[in-house]
Amino acid sequence: KASNLHGYAPICLGLEDFYIRRLYLRIQDCFGRPIASAPDAWFDVVERISNDYNKTLKRTTKICRCLNLGSYNYLGFAAADEYCTPRAIESLKKFSPSTCSARVDGGTTTLHTELEEYVANFVGKPAAIVFGMGYVTNSAILPVLIGKGGLIISDSLNHNSIVNGARGSGATVRVFLHNTPSHLEKVLREQIAEGQPRTHRPWKKIIVVVEGIYSMEGELCKLPEIVAICKKYKAYVYLDEAHSIGAVGKTGRGVCELLGVDTADVDIMMGTFTKSFGSCGGYIAGSKELIQYLKYTCPAHLYATSISPPSAQQIISAIKVILGEDGSSRGAQKLARIRENSNFFRSELQKMGFEVLGDNDSPVMPIMLYNPAKIPAFSRECLKQNVAVVTVAFPATPLLLARARICISAAHTREDLLKALEVISRVGDLVGIKYFPAEPKKQ
Ligand code: PMP
């Protein structure tokens, strides 16, 4: 049923799902409290984030300093950076915090054009357009790219911004089983015959939408297979790289680089600046004609205030560091570090007996809790020991597939990771989520 409803997130919008939601709110934790109202289990307000990758949480009962295992700050650029921060401050003085204008009404500064050139060059496409928000990049662009008479084929676990964009486009939406190329082909085959020219098909246009790394699964997209199928059936590929751009690939250029896919085979490359670049906003990169078309027609470009200049400068500076254009090797070190940290943490968790989803090299690491009642218990016990984790549950995941979602950063030190592993292991025993036998420790 979930697959017909285009992902799990929109399930909460259906009528019967309204009852699932109500049921969910009644589920109690192991202490008999409804899980949605366990004040000591969640961190609500962050008071301060420090450079040593801790954040100070202002919690209902007290203020505590915790090791941060939940942030998307994959390369550590979101804390003060010796190259990025002074430049972002300079741009704040030069251009002010906001342009207070849409791109076409005086909201395009030299930073905006420079940013678009840098992004296009970085992701390997002829041109790019940037927006003030990653979510809006998906939800506002899809309706411009496709409409009534078009077909969107979307991975069943795509992000809510894609789901909303697809729904808002007016196109017909079909869903294929998460990251399953054979099912994508089956869905395509139901719609069109193999080799049928675009002009002789019942659809004006077909777009297949996938993500580079799935944020709730930690899985890498099976992009080479998906691209081959799309070529065979002449469908466009739309790739959301929110979690993969900057985070994976030898030079940080995302899943195409990691999996050896030619960027020319991905028609629309989308990504956000809120993860690896430690900033705000999103981008679309593609052919010059596509980007020109978007600049003339996309309401989010024509009518929304442009991305803030300090945020733009932060992204440009972060890309320069990644490419080594700052004159140091910090970028390469960060990339090596995030890979090393991710692979170390994942394998240690697996050795302890946890069920960890996702692939090697992915910094996103969901630890399965399954039972929703274990969510507040896991979160609370970690917080008690000064480790802040994000737990995710329905409607972001199916009801009985609750998980803790760890995000690893290049800025985590080995000591941070060892401390986190110690705490998670203790909490895992307490909450009962080590579903596999632990590997014996080497002497
Ligand atoms: N796409 C994906 C796959 C995401 O995970 C997210 C948010 N984490 C977005 C888009 C939206 O990005 P932003 O938070 O930058 O608005």
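Residues numbered from 1 in each chain as written. Predicted model: local features only at pLDDT ≥ 70, side-chain atom pairs only at ≥ 80, totals over all residues.

Draft legend 1. Representation of the sheet that holds strand β7 (residues 206-211) within the structure. An order of β4-β10-β9-β8-β7-β5-β6 is seen for the 7 strands of this open sheet, with the pairing classed as mixed. On the outer flanks of this sheet lie β4 (127-131) and β6 (172-176), each paired with one strand and no other. Within the sheet, the average angular offset between the axes of one strand and its neighbour, ignoring direction, is 20 degrees. In the sheet, strand β5 (residues 151-155) pairs with β7 via 4 bridges, with the strands oriented parallel. Bridging from a neighbouring strand, I153 pairs with V208 of β7. The strands that helix α3 (residues 110-123) touches are β4, β9 (268-272) and β10 (282-286); relative to β4, the one it contacts most, it runs at about 125 degrees. (Pairing = 2+ DSSP bridges. Helix = DSSP H or I, 4+ residues; strand = E, 2+ residues; numbered from the N terminus. Axes fitted to C-alpha atoms, helices over the stretch in contact; angles between N-to-C directions. Contact = placed C-beta atoms within 7 Å.)

Draft legend 2. Expanded view of the nonpolar core. Ranked by internal contacts, the top residues of the largest apolar core, which has 120 residues, are V119, A128, V208 and I226. Taken domain by domain, the makeup of this core includes at least three residues from each of domain 1 (2-68 + 329-431) and domain 2 (84-323). (Core = buried A, V, L, I, M, F, W, Y, C linked by C-beta atoms within 7 Å. Buried ≥ 20, exposed ≤ 12 C-beta atoms within 10 Å, placed from the backbone. Domains from an automatic or database assignment.)

Draft legend 3. Fine view of the domain arrangement of the chain. Annotation of the chain at the domain level lists domain 1 (2-68 + 329-431) and domain 2 (84-323). The interface is formed by 24 residues belonging to domain 1 together with 25 residues belonging to domain 2. Every element with two or more residues in the side of domain 1 that touches domain 2 is listed here: α12 (330-352) and β11 (364-370). Looking at the side of domain 1 that touches domain 2, the element that brings in the most residues is α12, giving 4 residues.

Draft legend 4. Just the UniProt feature "domain: Aminotransferase class I/classII large" (unreviewed entry) in the chain, in detail. Taken from the UniProt record, the annotation "domain: Aminotransferase class I/classII large" (unreviewed entry) applies to residues 66-424. For residues 66-424, the end-to-end C-alpha separation is 13 Å, with 41% helix and 16% strand making up the annotated structure. (UniProt positions renumbered as here; feature names shortened; annotations may be inferred.)

Draft legend 5. Summary view of helix α13 (residues 374-384). With respect to burial, α13 is a largely interior element, 8 of its 11 residues being buried. For α13, the full list of buried residues reads K374, I375, P376, A377, F378, S379, C382 and L383. At its buried positions, α13 is contacted by β3 (63-68), β11, β12 (387-388), β13 (390-392), β14 (402-407) and α14 (414-431). Looking at the residues trailing α13, positive phi occurs at N386, about 60 degrees.

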